[in-house]
Amino acid sequence: MKSITNFVKDDEKDFSESVNAFLPQSIVVPVNRLSSKNYKCVINVGDTVREGQLLAVSLKNNNHIDSAINAPLPGTVVEELNCTLPDGRIGQALKIKLSGSFSYTGKNLSVTDWKSYSDEELLKMMLSKGVVNTFTGEMSLVDQIINCKVKHGRYLVVRMYDEDPSRKTDYFVASKYTREVLEGAAIVAGVMKAQGIIFLVPKKGGVNIDNDIVRDFAVLTVDVDTRKYPCGFVQTIIPLVKKSAKNTQIKLFDDVNAKSIFVDPETLYSVYEAIVLGKPVTERFVHVSGASIYSSAVFKVKIGTSVENLASYCGGYSKPPAKTIINGMIVGTEVDNTDVPVTKFVKSVMFVPRSKLFNQAYAPCIRCGKCRRICPEQLYPDLISYPVLYKESIETSLAASIELCSQCGLCNSVCPSRIPLSQIINYIREEKNEK
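Notes on the structure in this doc start here. (Residues numbered from 1 in each chain as written. Predicted model: local features only at pLDDT ≥ 70, side-chain atom pairs only at ≥ 80, totals over all residues. Heavy atoms only, no water.)

**Points about the packing of helix H1 (residues 119-128) against helix H4 (residues 178-191)**
Right, so step 1: Orientation of H1 relative to H4, taken along the N-to-C sense of each, is 125°, at an axis distance of 10 Å. Here H1 lies oblique to H4, going by the angle between them. The interaxial crossing formed by H1 with H4 has left-handed handedness. Within the contact between the two elements, H1 uses Asp119, Leu122, Leu123 and Met126 and H4 uses Ile187, Val188, Gly190 and Val191. (Axes fitted to C-alpha atoms, helices over the stretch in contact; angles between N-to-C directions. Helix = DSSP H or I, 4+ residues; strand = E, 2+ residues; numbered from the N terminus. Parallel < 35°, antiparallel > 145°, perpendicular 65-115°, else oblique. Left-handed = near helix turned anticlockwise from the far one by under 90°. Contact = heavy atoms within 4.5 Å.)

**A word on the pattern of salt bridges**
Right, so step 1: For the structure shown, the criterion picks out 22 salt bridges.
Right, so step 2: Of the charged contacts, one joins Asp170 and Arg167 as a salt bridge, the two residues approaching to 3.6 Å between their closest N and O atoms. A single burial state applies to Asp170 and to Arg167, both of which are buried.
Right, so step 3: As a salt-bridge pair, Glu283 and Lys279 come within 2.7 Å of each other at their nearest N and O atoms.
Right, so step 4: Where salt bridges share partners, they join Arg159, Asp162, Glu163, Arg167, Asp170, Asp264 and Lys347 into one cluster. (Salt bridge = Lys/Arg side-chain N within 4 Å of Asp/Glu carboxyl O. Buried < 20%, exposed > 50% of the residue type's maximum accessible area, 1.4 Å probe, protein only.)

**Remarks on the sheet that holds strand E6 (residues 54-59)**
Right, so step 1: Taken in spatial order, the 3 strands of this open sheet run E4-E6-E7, and their pairing is antiparallel. Every other strand in the sheet has two partners, leaving strand E4 (38-41) and strand E7 (65-70) as the edge strands with one partner each. The mean angle between the axes of side-by-side strands here comes to 25°, regardless of whether they run parallel or antiparallel.
Right, so step 2: The sheet contact formed by E6 and E7 spans 5 bridges and is antiparallel. Across the sheet, Ala56 pairs through a bridge with Ile69, a residue of E7. (Pairing = 2+ DSSP bridges.)

**Let's talk about the packing of aromatic side chains**
Right, so step 1: As enumerated under the stated definition, the model contains 11 aromatic pairs in all.
Right, so step 2: When the centroid spacing of 6.3 Å and the interplanar angle of 65° are considered together, the rings of Phe172 and Tyr177 count as edge-to-face.
Right, so step 3: Consider the rings of Tyr177 and Tyr269, whose centres lie 5.0 Å apart with planes at 65°: the pair is edge-to-face. Separated by 92 residues along the polypeptide, Tyr177 in the loop between helix H3 (169-176) and H4 and Tyr269 in helix H6 (residues 265-276) bring together distant segments of the chain. (Phe/Tyr/Trp six-rings, centres within 6.5 Å; stacked < 30°, edge-to-face > 60°.)

**Some thoughts on the pairing of strand E15 (residues 283-289)**
Successive side chains on a regular strand alternate, one facing one side of the sheet and the next facing the other.
Right, so step 1: For E15, a buried count of 7 out of 7 residues is recorded, marking the element as mostly surrounded by other parts of the structure.
Right, so step 2: Burial along E15 is two-sided: the residues Glu283, Phe285, His287 and Ser289 and Arg284, Val286 and Val288 are all buried.
Right, so step 3: Of the strand pairs in this sheet, E15 and strand E16 (residues 297-302) are connected by 6 bridges, and their pairing is antiparallel. Residue pairing in the sheet places Val286 in a bridge with Phe299 of E16.
Right, so step 4: As paired elements, E15 and strand E19 (residues 348-353) share 3 bridges and run parallel to each other. In the strand pairing of E19, Ser289 is matched with Met350.

**Comments concerning H4**
Since one α-helical turn is 3.6 residues long, residues separated by three or four positions face the same way.
Right, so step 1: Between its first and last C-alpha atoms H4 spans 20 Å; for 14 residues at 1.5 Å apiece the expected length is 20 Å, and the two agree.
Right, so step 2: Turning to H4, its buried residues number three or more, namely Thr178, Val181, Leu182, Gly184, Ala185, Ala186, Ile187, Val188, Ala189 and Val191.
Right, so step 3: As for H4, its buried residues are in contact with H1, helix H2 (141-146), strand E10 (155-159), H3, strand E11 (196-202) and H6.
Right, so step 4: The positive-phi residue at the C-terminal boundary of H4 is Lys193, with phi of around 55°. (Expected span 1.5 Å × (residues − 1).)

**A word on the environment of Asn82**
Right, so step 1: Looking at the element boundaries, Asn82 is found in strand E8 (residues 75-84).
Right, so step 2: Once the C-alpha coordinates of Asn82 and Ala93 are considered, the two residues, 11 residues apart in sequence, prove to be 5.9 Å apart.
Right, so step 3: In this structure Asn82 touches Ile90, Gly91 and Gln92, once residues within four positions along its chain are discounted.

**Remarks on unusual backbone geometry**
Right, so step 1: The amide bond that connects Tyr229 to the next residue, Pro230, takes the cis arrangement and shows omega of 0°.
Right, so step 2: The residue Pro230 is located in the loop between strand E13 (228-229) and helix H5 (234-248) in this model.
Right, so step 3: A positive phi angle, near 75°, is found at Asn327, a position not held by glycine.
Right, so step 4: With respect to the helices and strands, the residue Asn327 is situated in the loop between strand E17 (321-326) and strand E18 (333-335).
Right, so step 5: For Arg418, which is not glycine, the phi dihedral falls at a positive 60°.
Right, so step 6: Residue placement: Arg418 occurs in the loop between helix H11 (410-414) and helix H12 (421-434).

**Things to note about the side chain of Thr178**
Right, so step 1: Among the structural elements, Thr178 can be located in helix H4.
Right, so step 2: Owing to a relative accessible area of 15%, Thr178 belongs among the buried residues under this scheme.
Right, so step 3: Not counting residues up to four positions away in its chain, the partners in contact with Thr178 are Val173 and Asn208.

Dropping the structure here:
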C-alpha cells in the first residue's frame, strides 16, 4: 500500500469543545436521501410538527423503508420545494418555520437500559430515529446489519479519525464523546452478532478505548499513523488490521474483509442518542473552516440549516469565497451556492477564497502515468476514465477494477491535466450499480 506523509498541511489546532449553532428561524429539510430517488412524505404543507416527528421515509426500489427523516425543529411546514443537495444534485425538501416548544433540545433526557430490548426492537428504533451510517457517504445502517450475511469476518470496524486530513469532525467526536461512541459500538455489535470490534485510533493520542464498555466482545485496537494518506478507507484499513492482528498474534481478526461493517464515530454517537436517550437524528457535528471566514469551529448544527448560516456563525466572510467545499479538500465536493442545507451526510464546510485556489481548467490526458504510480490500489485511473471523457465503451476488466477504488483522490492531486479522475471513476461505479 502506497501512502504520502502530510498530504495536507493543516495549521489548525484540534478543537476542545463544540458550539451549539444558533437556531435558524426556518430550515429546509431534504426528504430524499442522496442515494435514493424515492421517498414518501407523511405530513403535508400547513401541518404543525413536533421536534423529532417523522416527516418522510426514503424508499428502496421494492418500496422497503430505507431510512427516516425527522423534524429538526418544532414548527409549521410552510412549503415543499426543490433544493440543491450537498453532492450537487437537486432534491425535494420541506421548509419548516420555527414555532412552539422543543421536545429534546435543552431537555434532560432519561437514560434507557438498552439491553432490555430485543435485537428486532433495537433495529426498529434505529430506523425510526433516522440513524444512518456516514462512514462513506450516507447508507442505511439497519440495511447493512440485516444484509451482513458473512459468518467469518463479521466484525464491526470503527475508524476513530477522519479519512480526509483537512477535516476534524470524526476525530473530535471520537475524542470528546468516547464513552458514547463506545456504547454505540456495543449496541451495533450486539445487534449484528459481531465476532469482535476493531477500533482504529490515531497514534497522536486523544482517543482511549475503555474495554470495560465493550467487555462483551473481543476487541482489537489498531494504532494508525494518520499523517500518512490514505489510511481511512476500507481498502487501506483491511491491510492495517491484518498486519496488527498478525503482530499481536490475535488470529481471530485475520479474516476481516470488505463485508464487515465499517462505521465512523458520528454514526455510533447517533446510535447512542437514538437508543439510550431516545433522541432522533436531528443534528450533526460540522467542522466549519476556511480562509474566507474569520474563525473556525465545530458546531452542533440542526439538520436543514443552510451553509450560509454557518458562515455567519463564524463572524461572516473576511474574504469572498470562490469555492464552498463540503466534506474536505480531498474527498469532498464543491457546491455552487451557499443555500445548500446541512444533511446527515455533511461533516465539514470549507470556505475558500480565490487566492487559495489553483487553476482548475482541465486539458487532454498527456499519458504521463502519474495517476497509475500514485494509486494505492495499483489501478489505471487514466484508462478507466478515458471511455467517459471520449464517449466510448469501457473494457470489462477495467470496469471490474472500479470496485477496488477507495476514492482517496490521489490521482486527482497529481494529474497535470487537472482531469477529475476520482469523480469520473465514482460516476462510472454509480452508473454500474444502478443498472
